[in-house]
Amino acid sequence: MRFQREDLRSGRRRAGLSDLLGRAVPAVLAGGVLLGASLVLTVAEAPAQTRFAWPDTAVDVTQYRHPDQCVAAVTRLQRLIEFPPKRAVNPDTMPWDPEERLRPLPAPVVATAERCAARWSAATAPLTEFAPLVTLYLAANRDADAATLLTRRVAAVEPKRGEAERTAVIDSVVQIYLDAQPVRLAAAESLLTERARHKTDRIERLKIYAELMRQAANVLDTARLRRAAQQVVVIADSLTPAERESEAFSGLAQAVYGAWHFAVGERVLLDSLRQSTAAYVGLVRAMWAKVTGQRPDALELPIGEKAAPLSADFWFPQDSARGPRPTPGRVALVGFLDRIQCVDLPNDPTFASDAKRDERCWQWGVNLRRLAERFPELEITVASQTHGYFLYAPPLAPAEEAADIARWVAGHGIPGTLMVTSTPFWHLEAPDGRRIDKPDSNVTHYSFGKSWGAKGSLYLVDQDGVIVEATGIGLSGPDFDELSRKVDILLHRNAGGASRAAR
């Protein structure tokens, strides 16, 4: 046979395919019996096993042993509740709401803070947990306990450390009060006012009231704002010439000017602008002279300066290049938008943060859109410049980069006319070879003195080409509202009346 043949040497027959199958079938059957037996055994043993149960993932904040854990839990819950509505409607597209920081925390957040803080009594809580406990108490609406803990902490200051440590403790609590939701302005004002009374250094006292003034302005607390502004004005009036010329005061001149702004009143300033730009500029410069003791024309703000004509190599839309900008006879906004300030900040530690990246330019676009929609006759010009590249793309020709800038600006919804300058540059010697940009002529013409640079600035220009207001791209809140009122005054001021003739 083909598959069965005799082994002539041994006399045995070799196994063929039929023999192998004949042996394999019984083996398989036998294995099936064993498998069946094992299944029977398995089924028989099943009642003795424990079924898998999902672990209990419910969080019991009352078991937390450290206040930091509670603060983190409260923060997480607050974000879970508040962030979804913000994602649905971007807050930067909504008008400024001065009441936002005065609203209470959501009820579930307060309840969580109450449960988590229940184990710590203000009379016996460890002072080593001072800062997170104060934060937690405020979230739980235990303001009296926060004050008790502060009293204990101040009393525990060692005599040899004295005033320095006491000041540091109070400052830390003031910051917690100002960061709380809702903001505790009354408590912060009480602490700051008490500390200011014991300060012999007048400039340090001025700093305290300037900070309080800024915080009150953020929530439009006009009564507290006026009180703080009056204190700033009184202290500034008492400064000696040497104190005004000191380095410590140099950074406070703008704050003192702002205090005079509130003390004089926005209504008085706007009434002067209704009369004429000259009257407004004169009042502003007189306020500056009063604040600093300098000449009126030494004003650090470019208010009253002549706006230079802008020049550019690329215009979007292209037909915008037919006339000068700002256009004589029109109320205009001139903004200097350099994308480096928005997305190309390698030295900024928050550059890679989704929460910070590009935030300022989005806000600027929102502000300009609001103004453009409210005042269609307002002329808006956005000045930008090339840098030889765009984001992560390889080096580009100026025209290509300008086109990319135009698409990026359009993506931000920034209205008006875009003008882009081809920036002159030079290269460092080999082997470095880096590109070094030369000064841009528009930036140079709109930079004033040592204190005011054009990049990131926004200028309001009247019909005669005089700068009425200068501010930054981060304009928001009350500053934006005030700028809107000034635009409205300029657009509706009688062009043939005193507003033009008084100049």
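The preceding data block contains the structure.
No experiment lies behind these values; they were computed from the predicted model shown. Throughout this description, residue numbers start from 1 for each chain and increase along the sequence as written. Local features in this predicted model are restricted to residues whose pLDDT is 70 or higher, and side-chain atom pairs enter the listing and the counts only when it is 80 or higher, whereas totals over whole chains, interfaces and linings include all residues. By convention in this description, side-chain values take in all heavy atoms of the structure and omit both hydrogens and water.

**Some thoughts on the overall build of the chain**
Logical step 1: Of regular secondary structure, the chain possesses 20 helices and 8 strands.
Logical step 2: For every residue, the accessible area obtained with a 1.4 Å probe (protein chains only) is divided by the maximum for its type, and the residue is called buried under 20%, exposed over 50%, and partly exposed between those limits. Relative to its 503 residues, the chain shows a buried fraction of 41%.
Logical step 3: Note on contacts: a residue pair is in contact if any heavy atoms of the two residues lie within 4.5 Å. Taking contacts inside the chain between residues at least 6 apart in sequence as the whole, the part at least 24 apart equals 65%.
Logical step 4: For the accessible areas, the method is Shrake-Rupley and the probe is 1.4 Å, while residue cover comes only from the protein chains on display. For the chain, the exposed area adds up to about 28000 Å²; of that, 57% sits on carbon and sulfur atoms. Note on conventions: DSSP H or I runs of at least 4 residues are helices, E runs of at least 2 residues are strands, and numbering of each starts at the N terminus.

**Brief notes about the sheet that holds strand E2 (residues 332-336)**
Logical step 1: Pairing is mixed across the open sheet formed by 6 strands, whose spatial order is E1-E4-E3-E2-E7-E8. Sheet topology places strand E1 (314-316) and strand E8 (467-472) at the edges, where each strand pairs with a single neighbour. When the angles between neighbouring strand axes are averaged without regard to direction, this sheet yields 20°.
Logical step 2: Strand pairing is assigned whenever DSSP identifies at least 2 bridges connecting the two strands. In this structure, E2 lies alongside strand E3 (residues 379-385), joined through 5 bridges in parallel fashion. Here the axes come from fitting lines to C-alpha atoms, over the contacting stretch only for helices, and the angles between their N-to-C directions go from 0 to 180 degrees.

**Notes on the packing of helix H4 (residues 130-139) against helix H6 (residues 162-179)**
How two helices pack is summed up by the angle between their axes together with the distance between the axes.
Logical step 1: One way to put it is that H4 packs onto H6 with a least axis distance of 10 Å and a crossing angle of 30°. Taken together, the axes of H4 and H6 lie roughly parallel to each other. Judged by the twist between their axes, the crossing of H4 over H6 is right-handed. For the pair formed by H4 and H6, the contact residues are Phe130, Ala131, Val134, Thr135 and Leu138 on the first element and Val169, Ser172, Val173, Ile176 and Tyr177 on the second.
Logical step 2: Basically, the charged four are Asp, Glu, Lys and Arg, the nonpolar ten are Ala, Val, Leu, Ile, Met, Phe, Trp, Tyr, Cys and Pro, and anything else, Gly included, counts as polar. The residue makeup of the contact of H4 with H6, split by class, is 8 nonpolar, 2 polar and no charged. Geometric relationships in this document are graded by angle, where less than 35 degrees denotes roughly parallel, more than 145 denotes roughly antiparallel, 65 to 115 denotes roughly perpendicular, and other angles denote oblique. Working rule for handedness: look at the near helix, and if it is turned counterclockwise from the far one by less than a right angle, call the crossing left-handed; if clockwise, right-handed.

**Digging into the nonpolar core**
In summary, soluble globular proteins display a tendency toward joint burial of nonpolar side chains.
Logical step 1: Among buried residues, the Ala, Val, Leu, Ile, Met, Phe, Trp, Tyr and Cys ones that are joined through side-chain atoms within 4.5 Å form a nonpolar core. Formed by 122 residues in total, the largest nonpolar core has its most connected members in Leu206, Phe336, Leu368, Tyr446 and Tyr459.
Logical step 2: No other element matches helix H8 (residues 202-218), which puts 8 residues into this core.

**What to know about unusual backbone geometry**
Logical step 1: Put simply, glutamine 181 and proline 182 share a cis peptide bond, and its omega is 0°.
Logical step 2: Tracing the backbone shows proline 182 in the loop between H6 and helix H7 (185-197).
Logical step 3: For the peptide bond that leads from alanine 430 to proline 431, omega is 10°, which places it in the cis range.
Logical step 4: Looking at the secondary structure, you find proline 431 in the loop between strand E5 (425-427) and strand E6 (435-437).
Logical step 5: Within the chain, asparagine 141 stands out as a residue other than glycine whose phi angle is a positive 60°.
Logical step 6: Judged by its relative accessible area of 48%, asparagine 141 is partly exposed.

**Description of the state of the cysteines**
Logical step 1: Cysteine sulfur atoms are paired as a disulfide whenever they fall within 2.5 Å. Overall, the coordinates contain 1 disulfide when judged by the stated rule.
Logical step 2: Disulfide pairing places cysteine 70 opposite cysteine 116 at an S-S distance of 1.9 Å. An S-S torsion of about -75° defines the bridge between cysteine 70 and cysteine 116 as left-handed. Of this pair, cysteine 70 sits in helix H2 (residues 67-88) while cysteine 116 sits in helix H3 (residues 107-117), and the two are 46 residues apart along the sequence.
Logical step 3: Classification of cysteine 70 as buried rests on a relative accessible area of 0%.

**Some thoughts on the pairing of E8**
Logical step 1: Across the 6 residues that make up E8, a large majority, 5, are buried.
Logical step 2: Across 5 bridges, the pairing between strand E7 (residues 457-461) and E8 is antiparallel. Within the sheet, the bridge partner assigned to valine 461 lies in E8 and is isoleucine 467.
Logical step 3: Taken together, E7 and the strand that follows it, E8, pair antiparallel across an intervening segment of 5 residues, in which glycine 465 is found at a positive phi of about 80°.

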